[in-house]
Amino acid sequence: MTKDALRRLWPLMMLYAGRMGTALVGLLVLPLFNKLLGPEQFGVIAILLSLQTLLVILDLGLAISIGRDVASLSAEQLPLVRAMLFHAEKVLAVLYAGILLFTLVARLFFDMPLGFSGLLVTVLLFGAITHQNVCQVALLARQDYAWAGVGQLMAVLLRHLLTLACFHLFAATLDVFLYTQCAGAVLYAWLTRTRLLARIPPVDSTLPLPASHARKLSMALMVNGIAGACAMQLDKPIVGALAGAAQTTPYYLATVLSLTPLTFLAGPVVQFFQPKLMASLARSEGLVDPALVRRFLLCIIATAFVPGLVLWLAAEPLTALWLHGAPNHVVVSEYTRILVVGATFGALGYVPHVLLVARQQYTFMAVASLALTTLTLLGTAWAAFHGDVRRICYIYATYHTAAVVVLWWRAQNHDAVLRRALAPVAPIAVLACLSSIVLGLLVLRFT
């Protein structure tokens, strides 16, 4: 490999180092948490981790808008990133103050596994991770891949190793988990903010935000983020509330395993290509490079479909190895085989999603996301009420499939520019769709 090729691939390699390291740590640590805490306590933690991910996405559209705007800024406009960050911090402070107030009031009427201090620490943990994510997105938009990749790995290592150490020093309890996770999250959020500000020239903090950025923090953008986050994260709390915390544990573990190709393998590809597409659109007055789109899709297929097929074929031995032969590994593998088909197919949605965000199609995306989320969560609640977790897996496989179809349809029919950009990759996408359909039929036949 030449030095020039290595230089071009180095940013992607750094992103993969962070994502793969994060995946490895998560896959190694979650079974230990499950073993040390037991199914009931781990079920509560699974619900809290789902709410944590939900609230990171549920940031009122801040990450999406900042990511798009920062990627499009010229060198002269770069100081505006500080104004965007300060604005985002004010919004997040108000948001999490409201969440804390809501949880304290709800505690008066509902029985919760957390006391006052536990709720306070939990909200602080969620707020720190959300703030860290906004700063991380801004760094990625400026193509600071090295920090984003390695820093993400260090953040997960810090939190999980600190938690495991305190489990052995003190006790494996829910409170110890929350306090240690919060300490690690706050420290890394401060480090990420420091890194971002160090890369941005100073500017008067009273500088008003650009009008374009203010408009993008619209209701449509908020609804789109909220609906997508609810669809992907509220299923675990619903299962816990209607089917019990013990039922949540195998479903949560199957969700983590089935989404590994999508999140940790295809995810860095999206992080690598999205700012490049945004910058290309900003420089070329809305034109899209078909070759860039083709490389994007091929990388998605290579990183999501191939590992997804391996996971589907070897779900039971891989799950047994992952969970160290825990008694619930059989049911986890059954759920995984269903979920991985939808998750793998769902990776195809990354391409039209990035293009539609670049076109600021927030209203359409909000309406589509809200409709799909409503149907999915209603179906999940019905299935959980009847204790049928397997049916919830089928519901989520259908959700991923429907989302991909809707996004591709909109991108193909939005304008001639996107249609020309997607035309060369359409046959590849069709072949990927057919392979997913075959896998889906096999799942229905043998499970």
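Quick caveat, the model's predicted, so the values are computed rather than measured.

A.B. asks: An account of the overall build of the protein chain is requested, with residue identities and associated values reported.
C.D. replies: Tallying secondary structure elements over the protein chain gives 19 helices and zero strands in all. Of all 447 residues assigned to the protein chain, the portion counted as buried reaches 55%. Surface exposure of the protein chain reaches about 19500 Å², of which carbon and sulfur atoms provide 71%.

A.B. asks: Outline a nonpolar patch on the surface, listing residues and values.
C.D. replies: Nonpolar side chains collect at one region of the surface, where Leu101, Val105, Leu108, Phe109 and Phe110 lie side by side and expose about 610 Å² of accessible area between them. Mapped onto the fold, Leu101 is located in helix α3 (residues 80-109). Residue classification places Leu101 among the exposed residues on the basis of a relative accessible area of 56%.

A.B. asks: Can you lay out the packing of helix α16 (residues 362-385) against helix α17 (residues 389-414) for me, pointing to particular residues and giving the numbers?
C.D. replies: It is at 10 Å that the axes of α16 and α17 come closest, and there the two elements cross at 170 degrees. Between α16 and α17, the angle is such that the two are roughly antiparallel. Note on element contacts: α17 touches α16 through Arg391, Ile392, Ile395, Tyr396, Tyr399, Ala402, Ala403, Val406, Trp409 and Arg410, opposite Phe364, Ala368, Leu372, Thr373, Thr376, Leu377, Gly379, Thr380, Trp382, Ala383 and Ala384. Of the residues in the contact of α16 with α17, the class split is 15 nonpolar, four polar and two charged.

A.B. asks: Please give an account of the packing of aromatic side chains that cites residues and values.
C.D. replies: If you walk through the whole model with that rule in mind, you get four aromatic pairs. Pairing Phe364 with Trp409 gives two aromatic rings, centres 6.3 Å apart and planes at 40 degrees, and the pair type is tilted. One end of the pair, Phe364, is in helix α16; the other, Trp409, is in helix α17, with 45 residues separating them in the sequence. Counting every residue linked through ring pairs, the aromatic cluster contains Phe33, Phe167 and Phe177. For Arg410, the ring lying beneath its charged end belongs to Phe364, and the centroid distance is 4.7 Å.

A.B. asks: Report on helix α9 (residues 235-243), specifying residues and quantitative values.
C.D. replies: Every buried residue belonging to α9 is among Asp235, Lys236, Pro237, Ile238, Val239 and Gly240, and all of these are buried. Residue Gly244 follows α9 closely and has a positive phi angle near 105 degrees.

A.B. asks: Before we move on, can you summarise the nonpolar core with the specific residues and values?
C.D. replies: Phe33, Tyr96, Leu196 and Tyr251 are the most contacted members of the largest nonpolar core, which has 83 residues in total. With 13 residues, the top contributor of residues to this core is helix α1 (residues 3-57). Residues contacting Leu196, with those up to four places away along its chain left out, are Val81, Leu85, Cys135, Ala138 and Leu139. Among the nonpolar cores identified, the runner-up in size contains 27 residues, and Leu140, Leu297, Phe305 and Val404 belong to it.

A.B. asks: Give me the pattern of salt bridges: which residues, what numbers.
C.D. replies: Taken as a whole and judged by the stated rule, the model has four salt bridges. Arg193 is paired through a salt bridge with Glu89; the nearest N and O atoms lie 2.4 Å apart. Of this pair, Arg193 sits in helix α6 (residues 174-198) while Glu89 sits in helix α3, and the two are 104 residues apart along the sequence. Exposure remark for Glu89: the relative accessible area of 19% places this residue in the buried category. Across the salt bridge formed by Asp235 and Lys236, the nearest N and O atoms sit 3.1 Å from each other. This pair shows no difference in class: Asp235 is buried, exactly as Lys236 is.

A.B. asks: Now, about the packing of helix α13 (residues 315-322) against helix α14 (residues 329-346): what can you tell me, with residues and values included?
C.D. replies: Running from amino to carboxyl end, α13 crosses α14 at an angle of 130 degrees, the nearest separation of the two axes being 9 Å. When the interaxial angle is binned, α13 and α14 end up oblique. Crossing of α13 against α14: the hand is right-handed. Taking contact as the criterion, the partners of Ala315, Glu316, Thr319 and Ala320 in α13 are, on α14, His329, Val330, Val332, Ser333 and Arg337. Of the residues belonging to the contact of α13 with α14, the class tally is four nonpolar, three polar and two charged.

A.B. asks: Now, about the confidence of the model for the protein chain: what can you tell me, with residues and values included?
C.D. replies: Summary statistics for the protein chain give a mean pLDDT of 77 and a share of 76% for residues scoring 70 or more. Within the model, the stretch residues 209-217 combines pLDDT values under 50 with 21 contacts to residues more than four positions away or in other chains.

A.B. asks: Kindly report on the environment of His414, identifying the contributing residues and their values.
C.D. replies: Following the sequence through the fold, His414 ends up in helix α17. A relative accessible area of 25% places His414 in the partly exposed class. On a C-alpha basis, the gap between His414 and Gln361 in space is 9.2 Å, while along the polypeptide they are 53 residues apart. Among residues more than four places away in sequence, those in contact with His414 are Arg359 and Gln361.

A.B. asks: So, the side chain of His160: which residues are in play, and what are the values?
C.D. replies: Inspection of the secondary structure assignment puts His160 in helix α5 (residues 145-169). Here Gln181 takes part through its side chain, which lies 3.2 Å from a polar atom of the side chain of His160.

A.B. asks: Before we move on, could you go through the environment of Gly379 and cite the residues and values that matter?
C.D. replies: Among the structural elements, Gly379 can be located in helix α16. Residues Gly379 and Arg391, 12 residues apart in the sequence, show an inter-C-alpha distance of 8.9 Å.

A.B. asks: I'd like a rundown of the environment of Leu49, residues and numbers included.
C.D. replies: Mapped onto the elements of the fold, Leu49 is located in helix α1. By relative accessible area, which is 15% here, Leu49 ends up buried. For the pair formed by Leu49 and Pro237, sequence separation is 188 residues and the distance between their alpha carbons is 10.0 Å.

About the cut-offs
Residues numbered from 1 in each chain as written. Predicted model: local features only at pLDDT ≥ 70, side-chain atom pairs only at ≥ 80, totals over all residues. Heavy atoms only, no water. Helix = DSSP H or I, 4+ residues; strand = E, 2+ residues; numbered from the N terminus. Buried < 20%, exposed > 50% of the residue type's maximum accessible area, 1.4 Å probe, protein only. Areas by Shrake-Rupley, 256 points an atom, 1.4 Å probe, with all protein chains shown as cover. Patch = residues over 30% accessible without salt bridge, like charges linked within 9 Å, V, L, I, M, F, W, Y side chains within 5 Å. Salt bridge = Lys/Arg side-chain N within 4 Å of Asp/Glu carboxyl O. Axes fitted to C-alpha atoms, helices over the stretch in contact; angles between N-to-C directions. Parallel < 35°, antiparallel > 145°, perpendicular 65-115°, else oblique. Contact = heavy atoms within 4.5 Å. Nonpolar A, V, L, I, M, F, W, Y, C, P; charged D, E, K, R; others polar. Phe/Tyr/Trp six-rings, centres within 6.5 Å; stacked < 30°, edge-to-face > 60°. Lys NZ or Arg CZ within 6 Å of the ring centre and 35° of its normal. Core = buried A, V, L, I, M, F, W, Y, C linked by side-chain atoms within 4.5 Å. Left-handed = near helix turned anticlockwise from the far one by under 90°. pLDDT = per-residue confidence, 0-100. Polar contact = N/O pair within 3.5 Å; in protein donor to acceptor, adjacent residues only side chain to side chain.

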